[in-house]
Each structure stands twice: as C-alpha cells, then as structure tokens.
Amino acid sequence: MSEFVRNIRLWFAPELVRDEGGTPDYRFSLANERTFLAWLRTALALIGGGFAVDQFLPALPWAWRVGLALALLGAGVLCSLRAVNHWVRCERAMRRGEDLPASRFPALLSLVIAVVAVVMVVVVLAGWAG
Amino acid sequence: MGGVSAAGRDPGLQPERTRLAWRRTTLSAAAAAVLAVRTALHGGASAAGVAACALCCLLFLGFLGVAHRRIRALAAVPRPAALAPRHATAAVLYAVGLVVCAVILVV
C-alpha cells in the first residue's frame, strides 16, 4: 500500500522522479508520454460514450440509461487514473534500468468494454432504444 | 515512413509525433466537452445546467493550456525534457472533472 501512496506522490513531484537513477534517452520518455496520451484518449472516448448513451438513447428505461452511462464514465475515470500511474511507473523503471511494469489493466478494460457492448446490442435489439 | 529511419531524422520525428499525440488528445477532449455541453443544456437551460456547462468549458480551457504549453515546449528545443508529472496529473484531472460533471448531469 505504501508503494501505492508513493506512486501517487510522484504524480505531482517531478523532482522525486528525477532523483532516481539516470535520465533515459529522451526518445523513450517521449514514447512513454505518447502511450500515456493514448490511454488518456481512450479515457476521454469512454467519457464521451457515457454522455452519448445519456443523450442519444432517450427511450431507454431510466435505470438502464443511467447504469450504462455510469459504467462507461467509471471506466473512463479508472482508465485516466491508471494512465498517469502507469506513466510514472514506466518513467521510474526506465530511470532505474528495470523492466517495464507488467499490467493486467488492458485485458480487464477489454472485458468491461465487451460486456458493455453486448448489453448495448441486447438493448438495441430489444427495441428499448426506440 | 518505414520502421528504419536515418539516425539524423529520428530526433526530429519523435517530438513531432508526441506533439501530434497531444493534438489528437486535445481533439478528443473537445469532443467530450461538446457532448458535455449538449447534455448540460439539453431540455432548456437550468441554473445547474449552465453552471455545469461553464465548469466543463473551464476544464477544457485548462486542458488546452496544458496541451499548448507542452506542444510549445516540444517544438522549442531539439531534445525536449520529459513531461512533468504535475502536467500529466493536470491532464488526467480534466478527465476526472468531466466525469464529476457528467455524474451530476446524468443522475
């Protein structure tokens, strides 16, 4: 748990990140930054999807509409927080010359999105979406 | 552009690709903000709706500021420094703030 708290402090503190190890080749830092931005775009797309469910499926029963929207919005929050956390962990690993951290988050996110998509298909086929 | 590029070209391409990634992300942020504004003003402008709309616009401007600063930093020198963690956190807080607005508007 303390490792987790330490990581969160690193989100805000450039000098703490720079304390460790040596500066990696700037190209690797930029690649890490692009990966972070790709995850942030994924998060923003999920958030946009949440708004879209709320706005473009008005005939859906309230509970389904809000439930689906909240699921997508929740996935967006998780995805964005994970984006910055993973970015810091990768940056630290590169500075210390360690292997990059492994993650099961992409697999989890794929499963969640698959479930939401299947629910949407059922909802649309059932004709609730008007 | 193949996988193998001349050593001389690569240093310029990496910052450019990162700059474009920031632009793409800004575009995604704008799309999310537009959907947020649409939701906020849907069915007449209530006081809460207008407040949420203003907050979403402010958040977007904040994100735009971070992206703009980073794009300029990337363009300024041939070997730009790594992204500062607080800027990464600020970009993420935009997404989180948008979700807070969304939850207020949707529920």
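Bear in mind that the values here come from a model prediction, so they are computed numbers and not experimental data.

**Considering the overall build of chain B**
- Across its full length, chain B carries three helices and zero strands.
- Its helices and strands in sequence order give chain B the pattern α-α-α, from N to C terminus.
- With 107 residues in all, chain B has 43% of them scored as buried.
- The long-range fraction of contacts in chain B, counting pairs at least 24 apart against all pairs at least 6 apart in sequence, stands at 75%.
- Accessible surface, chain B: about 5600 Å² in total, of which carbon and sulfur atoms supply 67%.

**A few points about the UniProt feature "domain: DUF202" (unreviewed entry) in chain A**
- As recorded in UniProt, the sites labelled "domain: DUF202" (unreviewed entry) are residues 27–93 of chain A.
- Annotated as residues 27–93 of chain A, this span is 93% helix and 0% strand, and its ends, taken at the C-alpha atoms, are 15 Å apart.

**Here's the deal with the UniProt feature "transmembrane region" (unreviewed entry) in chain B**
All names here are of chain B.
- Feature annotation in UniProt places "transmembrane region" (unreviewed entry) on residues 47–67 and 88–106, given in this structure's numbering.
- Here residues 47–67 is 100% helix and 0% strand, with 30 Å between the C-alpha atoms at its ends.
- Secondary structure over residues 88–106 splits into 100% helix and 0% strand, and the C-alpha atoms at its two ends are 27 Å apart.

**Notes on the pattern of salt bridges**
Residues and elements named next belong to chain A.
- Counted under the stated rule, the structure contains six salt bridges over all chains.
- Its salt-bridge partner being Arg 65, residue Asp 54 comes within 2.5 Å of it at the nearest N-O pair. Taken as a pair, Asp 54 in helix 3 (residues 26–56) and Arg 65 in helix 4 (residues 62–96) lie far apart in primary sequence, eleven residues in all. Like Arg 65, Asp 54 is buried.
- Glu 98 is paired through a salt bridge with Arg 96; the nearest N and O atoms lie 3.6 Å apart.
- Here Glu 98 falls in the partly exposed class, since its relative accessible area comes to 44%.

**Some details on the UniProt feature "transmembrane region" (unreviewed entry) in chain A**
Residue and element names in this part refer to chain A.
- UniProt annotation of "transmembrane region" (unreviewed entry) refers to residues 36–56, 62–84 and 105–129 when read in the numbering used here.
- Along residues 36–56 the backbone is 100% helical and 0% strand, and the end-to-end C-alpha distance reaches 30 Å.
- The span residues 62–84 carries 100% helix and 0% strand; its end-to-end C-alpha distance comes to 33 Å.

**Some thoughts on the confidence of the model for chain B**
Residue and element names in this part refer to chain B.
- Model confidence for chain B is summarised by a mean pLDDT of 86, while 89% of its residues fall at 70 or above.
- Here helix 1 (residues 10–40) stands out as the element of chain B with the lowest mean pLDDT, 90, in contrast to helix 2 (residues 47–76), whose mean of 92 is the highest.
- The ipTM assigned to the predicted complex is 0.84, against a pTM of 0.87.

**Some words on the packing of aromatic side chains**
Residues and elements named next belong to chain B.
- Tallied over the entire structure, the rule returns five aromatic pairs over all chains.
- Judged by centre distance (6.4 Å) and plane angle (40°), the rings of Trp 22 and Phe 63 are tilted. In this pair, Trp 22 sits in helix 1 while Phe 63 sits in helix 2, placing the two residues 41 residues apart along the sequence.
- In this structure Trp 22 comes out as buried when scored by relative accessible area, which is 0%.

Reading the values: rules and limits
- Starting from 1, residues in each chain are numbered consecutively following that chain's sequence as written.
- Numbering of ligands from 1 and lettering of chains from A proceed in the order in which they are written.
- Only residues with pLDDT of at least 70 are given local features in this predicted model, and only at 80 or more are side-chain atom pairs given and counted; all residues enter the totals for whole chains, interfaces and linings.
- To obtain the side-chain values, all non-hydrogen atoms of the structure were used and water was disregarded.
- Strands here mean DSSP runs of E at least two residues long; helices mean DSSP runs of H or I at least four residues long; both are numbered from the N terminus.
- Each residue is assigned to one of three classes by its accessible area relative to the maximum for its type, calculated with a 1.4 Å probe on protein chains only: buried under 20%, partly exposed between the two thresholds, exposed over 50%.
- Should any heavy atoms of two residues lie within 4.5 Å, those residues are counted as being in contact.
- Calculation of accessible area relied on Shrake-Rupley with a 1.4 Å probe; when residues are assessed, cover is drawn exclusively from the protein chains displayed.
- UniProt positions are given in the numbering used here, feature names are shortened, and annotations may be inferred rather than shown by experiment.
- We define a salt bridge as a contact between a side-chain nitrogen of Lys or Arg and a carboxyl oxygen of Asp or Glu at a distance within 4 Å.
- pLDDT measures the predictor's confidence residue by residue and takes values from 0 up to 100.
- Ring pairs are drawn from Phe, Tyr and Trp, using the six-membered ring of Trp, whenever the two centres fall within 6.5 Å, and their geometry is named by plane angle: stacked under 30 degrees, edge-to-face over 60, tilted for the rest.

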